[in-house]
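Chain by chain, the residues:
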Amino acid sequence: MTALKVILTVVFLVICLALVVIVLLQEGKTAGLGSLGGAAETFWGKNKGRSMEGKLEKITKYGVILFMILALVLNML
């Protein structure tokens with residue numbers, strides 16, 4: 001059991017560091033004064049799922065799910 005716990009802990013730490021980096025790479029949600037005139041709706045806003053920002057959001061969601069599952073598993077061990 002200890003070898004499994006060590007491996008899961010290392011994977012958990014890698015996921016933690018990856019989540020920190022991915023969250024820092026994402027842009028802020030505030031559009032500033034550009035949102036007043038409707039300038040926030042651009043090509044990238046309409047096709048957000050295919051942009052780099054959309055991919056970062058998906059990776060963040062899956063990373064958080066994996067983070068929570070590993071946290072629960074490590075807590076039970």
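Thresholds applied
Residues numbered from 1 in each chain as written. Predicted model: local features only at pLDDT ≥ 70, side-chain atom pairs only at ≥ 80, totals over all residues. Heavy atoms only, no water. Helix = DSSP H or I, 4+ residues; strand = E, 2+ residues; numbered from the N terminus. Areas by Shrake-Rupley, 256 points an atom, 1.4 Å probe, with all protein chains shown as cover. Contact = heavy atoms within 4.5 Å. Phe/Tyr/Trp six-rings, centres within 6.5 Å; stacked < 30°, edge-to-face > 60°. Buried < 20%, exposed > 50% of the residue type's maximum accessible area, 1.4 Å probe, protein only. Expected span 1.5 Å × (residues − 1). Axes fitted to C-alpha atoms, helices over the stretch in contact; angles between N-to-C directions. Parallel < 35°, antiparallel > 145°, perpendicular 65-115°, else oblique. Left-handed = near helix turned anticlockwise from the far one by under 90°. Nonpolar A, V, L, I, M, F, W, Y, C, P; charged D, E, K, R; others polar. pLDDT = per-residue confidence, 0-100. Core = buried A, V, L, I, M, F, W, Y, C linked by side-chain atoms within 4.5 Å.

> Break down the overall build of the protein chain for me, citing the residues and quoting the values.
Looking only at helices and strands, one finds 3 helices and 0 strands in the protein chain. Counting only carbon and sulfur atoms, one obtains 73% of the accessible surface of the protein chain, whose full area is about 6200 Å².

> Would you mind going over the side chain of Thr60 in detail, with residue names and values included?
Relative to the assigned elements, Thr60 resides in helix H3 (residues 52-76). Here Thr60 is in contact with Leu19, Ile22, Val23 and Gln26, once residues within four sequence places are set aside.

> Account for the packing of aromatic side chains, naming residues and giving values.
On inspection of all chains with the given rule, the structure shows 1 aromatic pair. Judged by centre distance (5.0 Å) and plane angle (15 degrees), the ring pair of Phe12 and Phe67 falls under stacked. With Phe12 in helix H1 (residues 2-25) and Phe67 in helix H3, this residue pair connects regions lying 55 residues apart in the sequence. Judged by relative accessible area, which is 17%, Phe12 ranks as buried.

> Any chance you could break down H1 for me, citing the residues and the numbers?
Spanning 24 residues, H1 covers 35 Å between terminal C-alpha atoms, matching the ideal 34 Å at 1.5 Å per step. Those residues of H1 lying buried are Leu8, Phe12, Ile15, Leu19 and Ile22. Buried residues belonging to H1 abut H3.

> Pulling in residues and values, what's your account of the packing of H1 against H3?
Contact geometry of H1 with H3 gives a least axis separation of 9 Å together with a crossing angle of 150 degrees. With respect to H3, the element H1 is oriented roughly antiparallel. Crossing of H1 over H3 shows left-handed handedness. Of the residues in H3, those in contact with Lys5, Leu8, Thr9, Val11, Phe12, Ile15, Cys16, Leu19, Ile22, Val23 and Leu25 of H1 are Leu56, Ile59, Thr60, Gly63, Val64, Leu66, Phe67, Leu70, Ala71, Val73 and Leu74. A breakdown of the residues in the contact of H1 with H3 according to their chemical character gives 18 nonpolar, 3 polar and 1 charged.

> Go over the confidence of the model for the protein chain, please, and point to the residues and values.
Looking at the protein chain, pLDDT values average 82 and 73% of them are 70 or higher. Of all secondary-structure elements in the protein chain, the lowest mean pLDDT belongs to helix H2 (residues 43-46), at 55, while H1 reaches the highest, 95.

> Please give an account of the nonpolar core that cites residues and values.
Leu8, Phe12, Ile15, Leu19, Leu70 and Leu74 form the largest nonpolar core, which has 6 residues in total. Looking at this core, the elements with two or more residues in it are H1 and H3. Here the element with the most residues in this core is H1; it accounts for 4 residues. Setting aside residues no more than four positions away along its own chain, Leu74 makes contact with Lys5, Leu8, Thr9 and Phe12.

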